[in-house]
Amino acid sequence: MKNKSIFLLAGIATLYFNNTYAQETPQDSTRTASIDQVVITGNSNPKKKIESSTAISTFSAKEIQKQNPISAAALLQRVPGFAVETSGGEVGNNLFARGIPSAGAYEFVQVQEDGLPVFEDGALQFANADNFFRVDNSVSRLEALRGGSGSIFATNSPGGLINFITKEGGNDLKGTAKLETSTYGLMRTDVNVGGALVQDKLFFNVGGFYRTDDGIRKTGFKANQGGQIRMNLKYVFDKGYAKVYYKKLDDRNTFYLPIPLVQNGNDLKEFAGFDANYGTYSYRNISQLNIPQAGGGSFSRNLEDGIHPKVDVLGAEFKYDLSGNFSVLNKTRYTNINMNYTGIFPSGGPTSAADLARSYGITGNNFQYSSVSSGAVMSPAFVQKLGFWAIDKQMNNFVNDLQFSYKFDKGNVTAGFYKSNWKSHQNWNWSNILATASDNPELLNLVDTSLTSNSAGYSKTYNGVTEMSFLLRDSQVQGSLNDLYANLDYNITDQLSFNGGIRYSRDFYKGYGVNTTSGNLNNSGLTTDGTHSFLTTTADDNMSVLGNKFTYWNYDVNRVSFTTALNYKINSENAVYARFSNGFRSPNEEAYYNNMTNLSAIKPVTTNQLEVGYKYYSRTFDIAVIPFYSTLKNLSFTDVFSDGTSENKFANTTNFGVELEGYARLFNNLLEVTFNGTIQNPKYKDFVGNNADGTTFNYDDNTVRRMPKFYFNIAPAVNITKQWRAYASVNYYGKRFQDEKNAQTLPSFSEVGAGTSYQLGKIRFAVDGTNIFNTIGITEGDPRAGSPSGDGTIMARPIMGAAVRASITLDF
């Protein structure tokens with residue numbers, strides 16, 4: 001693979017000096033001039049980007065195509081202020097907005113499709129918002145807003161809004177078809193077509209994709225397989241329009257978790273027998289789980305199913321222009337999700353064979369490991385205990401956003417009512433398994449040779465399982481949101497405009513958790529191997545059993561969010577603005593579960609943000625410089641540890657930073673450069689308390705975990721001719737800390753990509769390489785292991801190794 005990556009780079013380098021071309025913009029240019037762009041996200045009405053007093057980044061369909069992101073998270077790396085972790089695979093990734101820490105997911109931003117949430121809460125346990133969304137050729141545009149007015153136009157979004165706007169048909173029949181392959185067995189096809197059923201009246205658009213691949217990390221099975229279809233129908237009449245749409249997503253993706261590495265300060269090396277760039281514990285040899293249950297029956301799971309959401313979305317949108325400059329807009333959507341989630345979550349790090357045996361009470365050298373598959377005795381140097389976590393979630397969401405607008409000479413005013421009902425019911429069944437500490441792990445049995453096979457506690461495993469169903473959870477959360485909002489845009493002068501907004505949230509949450517008891521299979525009459533009873537193994541000693549005792553809870557939110565801003569348009573190309581905003585996010589699902597019997601311990605997370613900005617937009621050069629300051633209170637930390645307990649701590653934070661974003665087209669259109677960067681200093685405040693073991697901690701003024709103080713992306717591109725283009729990209733992440741204690745450093749790293757494309761009429765040929773230098777860059781340690789100690793053998797989640805994709809796209 002390294003040879004292939006070097007070959008790709010060499011090929012790109014030869015393209016720089018070649019044919020010259022006229023001054024016209026190249027056919028394959030990535031950029032739509034920002035001076036011409038109109039944005040709708042975070043605004044009550046479409047507004048020119050330079051006139052919007054918000055920090056907003058935009059990407060057209062063509063720009064997305066040229067970047068060819070491997071996931072939605074990879075695309076969002078191009079947005080300043082968003083620190084994005086992409087190491088989980090195509091889905092299940094994490095996004096942190098403006099230094100706001102969380103357990104992961106998209107906790108403080110809302111991911112939207114056409115202005116309504118993909119799901120109301122984007123940070124439910126094991127239900128990251130990107131699990132339910134895929135980027136394909138049916139996306140017309142992405143608008144990503146940081147901070148600002150996010151809390152006025154959506155719920156739980158003080159960090160911002162991410163709005164994917166889908167394509168609609170026009171009078172001309174247009175379409176796109178794409179075929180893509182790769183060095184990791186990818187076969188993908190994307191199709192989108194739109195047009196008119198009745199000229200000027202009735203329009204349609206249909207698009208989607210299907211994909212299968214082996215995964216960049218070697219799993220031994222199809223790591224990703226599935227696709228989606230999206231369609232809409234729009235009828236336009238004299239005073240408005242009506243639109244209906246449907247989306248079906250059925251896709252499964254392997255979720256990649258921490259692997260062992262060796263760390264010495266800023267130096268990272270591979271752990272012996274484990275490929276840092278392509279290895280994973282999520283491997284075919286340990287992919288099946290089939291165990292009896294203490295409460296009766298059995299439980300089966302297949303790791304190959306990975307994260308497998310089945311999503312159905314039905315929606316409608318209606319706009320009507322009333323008399324007297326009044327208009328009404330109503331958006332409604334119903335979403336139903338059934339998701340099976342299966343992943344391998346390491347329980348600590350690799351352990352010597354003797355130490356692991358000792359932890360199970362085996363003395364001296366009285367231990368023996370054997371292969372579950374063959375029965376052969378084995379002598380591994382290191383072994384690894386792995387969590388085999390299975391989660392099922394049934395989710396639904398009905399949302400309706402009714403909005404009235406009035407336009408007058410100097411601006412407009414908008415008022416609306418937002419209603420959302422949602423429910424998430426989940427079941428967990430977690431076990432631990434034992435395997436060799438290698439990237440093609442072998443499932444192991446462990447026995448105490450000082451005992452006979454008929455003795456109690458002779459075996460520490462049951463077909464490789466060390467703790468059978470040690471954690472079961474049955475819980476539910478429901479939300480009923482009732483929000484009123486208003487927004488005013490007022491042009492004080494031709495250059496100076498005012499924006500103000502307010503949102504009143506009267507939201508109700510309720511749910512339950514089912515209590516559990518402990519059990520075993522000793523008196524079940526079952527055997528471990530057809531001969532020996534479960535008395536001979538310890539694997540079933542602490543099984544979880546669901547009872548019939550429920551703990552019910554209710555929680556009400558009664559909050560006001562507001563924002564105010566001024567924008568001064570110096571001229572057609574220059575503008576400055578200032579904005580203050582106050583918002584909140586309701587407690588998350590795990591916070592409710594951890595505090596069901598004491599809900600007074602949790603509060604909504606409140607935010608205050610102040611930002612100022614300078615924007616310069618022209619046809620050849622853009623720059624936006626946006627300093628910001630934010631404070632958060634009542635922030636809850638809810639990482640679930642390997643033993644099933646939760647962190648359940650609370651803190652305040654502050655952050656001061658600067659976001660930079662720009663674009664330049666230079667040297668007679670020969671060179672294009674896009675760049676973004678963030679400099680920040682997020683700190684904990686008032687973060688003191690007691691650990692679960694009774695010890696105290698004081699993390700006040702420590703750096704917020706997993707947050708780089710400096711990160712940037714720069715992507716230069718050379719237009720060799722009007723048709724031929726080559727590019728490179730660099731993602732840099734500065735040093736971070738894995739934990740609140742700031743004990744373990746996550747070293748800085750750079751990820752380099754490169755590619756080339758050629759436009760032949762309506763056909764585009766492209767080759768895209770990612771992480772072409774096979775950098776070992778870790779985005780997180782092991783948040784499920786508690787606070788780490790630092791150097792040595794660590795558990796961490798690195799970015800994917802080098803990969804190359806090739807595609808052919810036809811526009812018609």
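Computed from a prediction, not measured in an experiment: that's the story for all the values here.

Calculation rules
- Residues numbered from 1 in each chain as written.
- Predicted model: local features only at pLDDT ≥ 70, side-chain atom pairs only at ≥ 80, totals over all residues.
- Heavy atoms only, no water.
- Phe/Tyr/Trp six-rings, centres within 6.5 Å; stacked < 30°, edge-to-face > 60°.
- Helix = DSSP H or I, 4+ residues; strand = E, 2+ residues; numbered from the N terminus.
- Buried < 20%, exposed > 50% of the residue type's maximum accessible area, 1.4 Å probe, protein only.
- Lys NZ or Arg CZ within 6 Å of the ring centre and 35° of its normal.
- Pairing = 2+ DSSP bridges.
- Contact = heavy atoms within 4.5 Å.
- Polar contact = N/O pair within 3.5 Å; in protein donor to acceptor, adjacent residues only side chain to side chain.
- Patch = residues over 30% accessible without salt bridge, like charges linked within 9 Å, V, L, I, M, F, W, Y side chains within 5 Å.
- Areas by Shrake-Rupley, 256 points an atom, 1.4 Å probe, with all protein chains shown as cover.
- Salt bridge = Lys/Arg side-chain N within 4 Å of Asp/Glu carboxyl O.

> Can you help me understand the packing of aromatic side chains in this one?
Both the distance between ring centres and the angle between the ring planes are used here to describe each pair of aromatic rings. Taken as a whole and assessed by the stated rule, the structure comprises 44 aromatic pairs. Seen from their ring centres, Phe126 and Trp430 are 6.1 Å apart, and the 90° between their planes marks the pair as edge-to-face. Taken together, the positions of Phe126 in the loop between strand 8 (123-124) and strand 9 (127-128) and Trp430 in strand 27 (residues 411-436) put the pair 304 residues apart, joining distant regions of the chain. Note on Phe126: relative accessible area 10%, which makes it buried. Taking 4.8 Å as the distance between ring centres and 25° as the angle between the ring planes, the aromatic pair formed by Phe697 and Tyr699 counts as stacked. Looking at Arg188, its charged tip hangs above the ring of Phe209, at a distance of 4.1 Å from the centre. Directly above the aromatic system of Tyr418 lies the positively charged group of Arg503, at a separation of 5.1 Å from the ring centroid.

> What's the story with the sheet that holds strand 25 (residues 377-378) in this structure? I'm lost.
Across a sheet, paired strands are connected by hydrogen bonds in the backbone, their directions being either parallel or antiparallel. Ordered by their spatial adjacency, three strands build an open sheet running 25-24-28, and the pairing between neighbours is antiparallel. Since the sheet does not close on itself, it has two edges, and those belong to strand 25 and strand 28 (444-448), each with one partner.

> Explain the environment of Gln263 here, please?
Tracing the backbone shows Gln263 in strand 17 (residues 259-264). Residue classification places Gln263 among the buried positions, given a relative accessible area of 3%. Considering only alpha carbons, one finds Gln263 and Gly792, 529 residues apart in sequence, at a separation of 5.2 Å. Once residues within four sequence positions are removed from consideration, Gln263 is found in contact with Leu268, Gln744, Thr745, Pro747, Gly790, Asp791, Gly792 and Ile794. Only 2.9 Å separates the side chain of Gln263 from the backbone oxygen of Gly265, close enough to count as a polar contact.

> What should I look at first to understand a nonpolar patch on the surface in this one?
On the surface, Phe417, Leu484, Ile502, Tyr504, Val560 and Phe562 cluster together into a nonpolar patch covering about 500 Å² of accessible area. Among the elements of the structure, strand 30 (496-519) and strand 31 (543-569) are those that each provide at least two residues to the nonpolar patch. Looking at the element boundaries, Tyr504 is found in strand 30. When its relative accessible area of 32% is taken as the criterion, Tyr504 is described as partly exposed.

> What is the right way to look at unusual backbone geometry in this model?
What you tend to see is this: most non-glycine residues have negative phi, and most peptide bonds are trans. With a phi angle near 45°, Asn68 is a residue other than glycine that sits in the positive phi range. Topologically, Asn68 is positioned in the loop between helix 2 (61-67) and helix 3 (72-76). Asn68 sits in the buried class, given a relative accessible area of 7%. Despite not being glycine, Asp200 has its phi angle at roughly 65°, a positive value. Assignment of secondary structure puts Asp200 in the loop between strand 13 (187-198) and strand 14 (202-213).

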